[in-house]
Amino acid sequence: MAKNLLIVESPAKAKTIEKILGSDFDVRSCYGHIRDLEKDNMGIDVNNRYLPHYKVPDDKLKVVRELKDLAKKSEEVWLASDEDREGESISWHLAEVLGLNPKTTKRIVFHEITAPAIKKAVANPRLINMNLVNAQQARRVLDRLVGFELSPVLWKKVGPSLSAGRVQSVAVRLIAEREREINHFIPESSFKVEATFAAKDIHGKAVTFKAEANAKTNTLQSAQSFLESCKAAQYKVADIQVRPTKRTPAAPFTTSTLQQEASRKLGYGVSKTMLIAQKLYESGKITYMRTDSINLSDTALADISKEISTAFGSQYHQPRRFKNKNESAQEAHEAIRPTYMNQHTVNDEEGRKLYELIWKRTIASQMSDAEFEKTTAKIDISTNHETLTATGEVLKFDGFLKVYLESKDEEEEEDTEGMLPPLTIGNLLDFKQMLASERFTRPGARYTEASLVKKLEELGIGRPSTYAPTISTIIKRNYVEKKDKEGIKRQAAQLKLTANNTIEQLMVMENTGAEKGKLFPTDLGMVVTDFLKQHFTRVMDYSFTAKIEQEFDDIAMGKIEWNHMIDGFYKPFHINIETTLETAERVKGERVLGIDEASGKKIIARMGRYGPMVQIGDTADANEKPRFAKLKANQSIETITLPEALSLFQLPKTIGEFQGEELVVSVGKFGPYIKYKDQFISLPKNEDPLELDLDKAIALIEQKNQADAPIGFYQTLPVTKGKGRFGPFIKWNDIFINIPRAYNFDALTQENIEALILQKLEKESNRFIQQWPAEKITIENGRWGAFIRFNKKMLKLGKKADGSKYTPEEAATISLDAVKAMIEEQVPGAFAKKTATKKTTAKKTTSSKSK
């Protein structure tokens, strides 16, 4: 048995460190957080200085039990969770649960998993930093208070099953406000005038270059007048200025800049970037990946200097010390960099791209400036005394550009200056043509994941460890969706003055508004954002949210007590909650579009049970039921027009017959579909149900029938196959069976089919302990013991009178009434709701009859 037990968060990290420390250390993983706030009463005693009540979740009981046993047998326990506040909090929770003394337990930190760093950390242990723990605890408590108190308000005033969060709600607000800016944006046109000239380069080869008019032309008429004034003109070089310029490399990566650049260069979402970076860190390839520092250690700088001088020469090396703009950059002590600069790549294919990006950025940060020579030529027009400007740029020394060039967001204009041929003052130029092209102003671009992170960082909202979970949460909650948007065609005018002095007018088509991988607010996100902005101004205020983040930083530095900080926020917030519950009206989230001429009834767009929809008629009208239609995926409550809404009521629509049966196209809960006999065939993603013709519908039906045709039989029942959300499967007797990779899905044999079905039946036979199909209730075996499944919910199986868990044999004897009582305890009103609904329906029916 090893003398020392060292605890880290992940198994991969444990494996790497154990190789370094040898047999004296038993390195184990706690698999992340081992405790969290209890669910009951928010897990916080608001009347006792916000004292948190923590609980070890069921899925961590086994881990904690094993760590306790190992701790008792070890001479010393070391805590080595990550060096940020989250990691400090994990170490404190471990000390509390394992019964360790925080005042004596050794805590070690390191920002890279290398032998020198680990051994140095072990030689220089410290104690748990309670300021960092309290900063993390304050964040967790505050976020729990906001979430648990705001969510019930949303349930009552907006809709069921909604939730809100402190940082997440502000992030949704940013996306919603950008969407409204785009929706309300009116593009303005102007004309860019550009002349093309011919000349000879330094080798005597004929080349062309362009020069742009300085005069601004806002209308087609003014552009026409300018070109008219240039007829038969001579173009003479009036002035040439040559000046040196330079470009400086970007700082090494922080969490935020890594996420942004991985998005631009590799197309990665922030969660994917962090997942790969975590693996690279745990395998000892890069330094800690959650940091807002741009500092590099002296050791790293020496390694980088050696690498640059060896690979490129000393003229490419320029030592730099970058200073962080954020004074409270405390999350870690160094930028993200490779642990060994002489390792240019890694073998793992997925990690290779991100690793090489980090390596190049780190090396480039210590390389020389790129040097350019910029030439600006002023060209006089003889007929109107106006001036054209031609610019060119020549790279004189590549410097850091030999390795790396930082990408830009699409709202930032890229420099696209080329080279100019040799020009001298007084030169008469060979005119080829002049174009006046219509250009349109553009609204701000929708956020990508990376540009949203950049904006949050600029506003001081969130910290390196919060960006990825914030974006994942708002997408998961259906407040935001990440998607592509097709562009629309637009005409643009173009005037052309030719070399023979004639003016031609053209109309060119351009594609505008196309988006790829952008964040769009859903109608639900818009409605919730509007409600929160109206009633919870402080929570939704950008500067207030940033102030809260600064206060967390102050707690981490020991400047303020966390309880006082929470108190200052919670008291006015709680009063706001109570006032809103009492006085705020329920949100309708609807928009009146106009009147349906056929019926004379009002048409509105609003949120419905299954999402945004349009409605003709009033739900309060007892004499006639309103008509409803679901919005298309590319439509929203805020922008749908009356004609677009009316077109949705063309469905359901009969489009013809096939084999004597009527074909009906319609839209349901899961999108547009064709109804044929008793079949419902979903339309492909980009297929418009209103434009679907009979031939296409028949082709889709035949395609579906071919896909659903039996590929075999088992016990006289057909076996079909398909591809679903979780990959390829076969279906037999209403049982879906996933196909492992070991099987060839396209060529399954009867032997394969029988083996798969038998494996599934054996697995299912061990799954269920008790079943009540009519009630949609089962008791099942799970990874952590028996549990109750009620409808689609997984619920805990209560404990026996003595507090112990039921064994599978005992669970098989529990009565239905006892199980229902357990369900009712976890889902209040689970069975009463159905009764109440029936009674309400009955009352409505009776009252309508009596009328």
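Residues numbered from 1 in each chain as written. Predicted model: local features only at pLDDT ≥ 70, side-chain atom pairs only at ≥ 80, totals over all residues. Heavy atoms only, no water.

### Quick look at the sheet that holds strand S20 (residues 601-608)
Filter applied, for reference: A pair of strands is considered paired only if DSSP assigns at least 2 bridges between the two. The numbering of helices and of strands both runs from the N terminus, where a helix is a DSSP run of H or I of at least 4 residues and a strand a run of E of at least 2. Each axis is a line fitted through C-alpha atoms, and for a helix only the stretch in contact is used; angles between axes span 0 to 180 degrees, taken between their N-to-C directions.
A sheet is described by the order of its strands in space; here four strands give the open sequence S19-S20-S21-S22, paired in antiparallel fashion. Two strands lie at the open edges of the sheet, namely strand S19 (591-596) and strand S22 (627-630), each paired on one side alone. With direction set aside, neighbouring strand axes in the sheet form an average angle of 25°. With four bridges joining them, strand S21 (residues 611-616) and S22 adopt antiparallel strand pairing.

### Here's the deal with a positive patch on the surface
Our working rule: Patch members must show over 30% relative accessible area and no salt bridge, and they are joined within 9 Å when carrying like charges or within 5 Å when they are nonpolar side chains of Val, Leu, Ile, Met, Phe, Trp or Tyr. Surface accessibility in these figures is a Shrake-Rupley result with a 1.4 Å probe; residues are shielded only by whichever protein chains are displayed. A pairing counts as a salt bridge when a side-chain nitrogen of Lys or Arg comes within 4 Å of a carboxyl oxygen of Asp or Glu. His residues and chain termini do not enter the charge count, which takes Lys and Arg as positive and Asp and Glu as negative. Where a charge sits is defined by one atom per residue type, namely NZ (Lys), CZ (Arg), CG (Asp) or CD (Glu).
Residues Lys 39, Lys 55, Lys 62, Arg 65, Arg 783, Lys 796, Lys 799 and Lys 805 make up a contiguous surface patch of positive charge. Inspection of the secondary structure assignment puts Arg 65 in helix H2 (residues 61-73).

### Overview of the nonpolar core
Spelled out, the test is: Nonpolar cores are built from buried Ala, Val, Leu, Ile, Met, Phe, Trp, Tyr and Cys residues. Side-chain atoms within 4.5 Å join them into one set. For each residue, the accessible area found with a 1.4 Å probe, counting protein chains only, is set against the maximum for its type, and the residue is called buried under 20%, exposed over 50%, and partly exposed in between. A contact between two residues is defined here by any heavy atoms of the two lying within 4.5 Å.
Among the nonpolar cores identified, the biggest contains 145 residues, and Leu 6, Ile 566 and Val 614 are the most heavily contacted of them. It is helix H5 (residues 130-157) that provides the largest number of residues to this core, a total of 11 residues. Here Leu 6 is in contact with Ile 17, Leu 21, Phe 25, Asp 26, Val 27, Arg 28, Trp 78, Ala 80 and Ile 108, once residues within four sequence places are set aside. One finds Val 193, Ala 195, Ala 213 and Ile 379 within the second-largest nonpolar core, a separate group that totals 29 residues.

### Overview of the pairing of strand S1 (residues 4-8)
Inclusion rule: Convention used here: a crossover is right-handed provided that the path from the first strand, over the helix, to the second strand proceeds clockwise when the strands point away from the viewer.
Within S1, five of the five residues are buried, leaving the element largely enclosed by the surrounding structure. A two-sided burial pattern is seen for S1, the buried positions comprising Asn 4, Leu 6 and Val 8 on one face and Leu 5 and Ile 7 on the other. Where S1 meets strand S7 (residues 76-79), four bridges bridge the pair, whose relative direction is parallel. Note that in S7 the partner of Asn 4 across the bridge is Glu 76. Handedness of the crossover joining S1 and strand S2 (residues 25-29) through helix H1 (residues 11-21): right-handed.

### What about the environment of Lys 721?
Here Lys 721 shows up in strand S28 (residues 717-724). When neighbours within four sequence positions are excluded, Lys 721 is seen to be in contact with Ala 707, Ile 711, Phe 729, Ile 730, Phe 745 and Asp 746.

### Topic: helix H7 (residues 220-229)
Formally: Arc definition: it is the arc formed by the directions from the helix axis to the C-beta atoms.
Of all the residues in H7, the buried ones are Ala 223, Phe 226 and Leu 227. Buried residues of H7, seen end-on, are gathered within an arc of 95° and therefore sit on one face of the element. At its buried positions, H7 is contacted by strand S9 (189-200), strand S10 (206-213), strand S12 (370-381), strand S14 (430-440), strand S16 (488-498) and strand S17 (503-512).

### Section: the confidence of the model for the protein chain
Stated formally: The pLDDT value expresses, per residue, how confident the predictor is, ranging between 0 and 100.
Here the protein chain averages 89 in pLDDT, and 95% of its residues register 70 or above. Confidence drops under pLDDT 50 across residues 834-851; counting only partners more than four residues distant or on other chains, this segment forms one contact.

### What about the packing of H1 against helix H4 (residues 115-123)?
Convention followed: Here the word oblique covers every angle except those under 35 degrees (roughly parallel), over 145 (roughly antiparallel) and from 65 to 115 (roughly perpendicular). Amino acids outside the nonpolar list (Ala, Val, Leu, Ile, Met, Phe, Trp, Tyr, Cys, Pro) and the charged list (Asp, Glu, Lys, Arg) are all regarded as polar, and Gly is one of them.
At their nearest, the axes of H1 and H4 sit 10 Å apart, and the two run at 75° to each other. Judged by the angle between their axes, H1 and H4 are roughly perpendicular. Judged by residue contacts, Ile 17, Ile 20 and Leu 21 of H1 engage Ala 115, Ile 118, Lys 119 and Val 122 from H4. Partitioned by chemical class, the residues of the contact of H1 with H4 number six nonpolar, no polar and one charged.

### Focus: the pattern of salt bridges
This structure, assessed with the given rule, holds 49 salt bridges. Between Glu 88 and Arg 126 there is a salt bridge, with the nearest N and O atoms lying 2.8 Å from each other. Residue Glu 88 is located in helix H3 (residues 85-98), and its partner Arg 126 is located in the loop between H4 and H5; the two are separated by 38 residues in the primary sequence. Relative accessible area serves as the criterion here: at 28%, Arg 126 is assigned to the partly exposed category. When the shortest N-O distance is used, the salt bridge between Asp 708 and Lys 704 registers 3.4 Å. Here Asp 708 and its partner Lys 704 are both found in helix H18 (residues 694-708), four residues apart, which amounts to about one turn of the helix. Judged by its relative accessible area of 33%, Asp 708 falls in the partly exposed class.

### Considering the packing of aromatic side chains
Quick reminder of the rule: Each aromatic pair joins two rings of Phe, Tyr and Trp (for Trp, the six-membered one) with centres within 6.5 Å, and gets the label stacked for planes under 30 degrees apart, edge-to-face for over 60, and tilted for any other angle. Geometrically, a lysine NZ or arginine CZ counts as sitting over a ring once it is within 6 Å of the ring centre and also within 35 degrees of the ring normal.
Scanning all chains against the criterion turns up 18 aromatic pairs. Centroid distance Tyr 714 to Trp 732: 5.2 Å. Interplanar angle 70°. Geometry classified as edge-to-face. Of this pair, Tyr 714 sits in strand S27 (residues 712-714) while Trp 732 is found in strand S29 (residues 727-732), placing the two residues 18 residues apart along the sequence. As far as burial versus exposure is concerned, Tyr 714 and Trp 732 are alike and both buried. Between Phe 729 and Phe 736, the aromatic rings sit 5.3 Å apart at their centres with planes inclined by 65°, giving edge-to-face as the arrangement. Judged by its relative accessible area of 16%, Phe 729 falls in the buried class. Site record: aromatic cluster; members linked through ring pairs are Phe 197, Phe 209, Tyr 235 and Phe 431. Over the aromatic face of Tyr 404 sits the side chain of Lys 265, whose NZ or CZ is 4.8 Å from the ring centroid.

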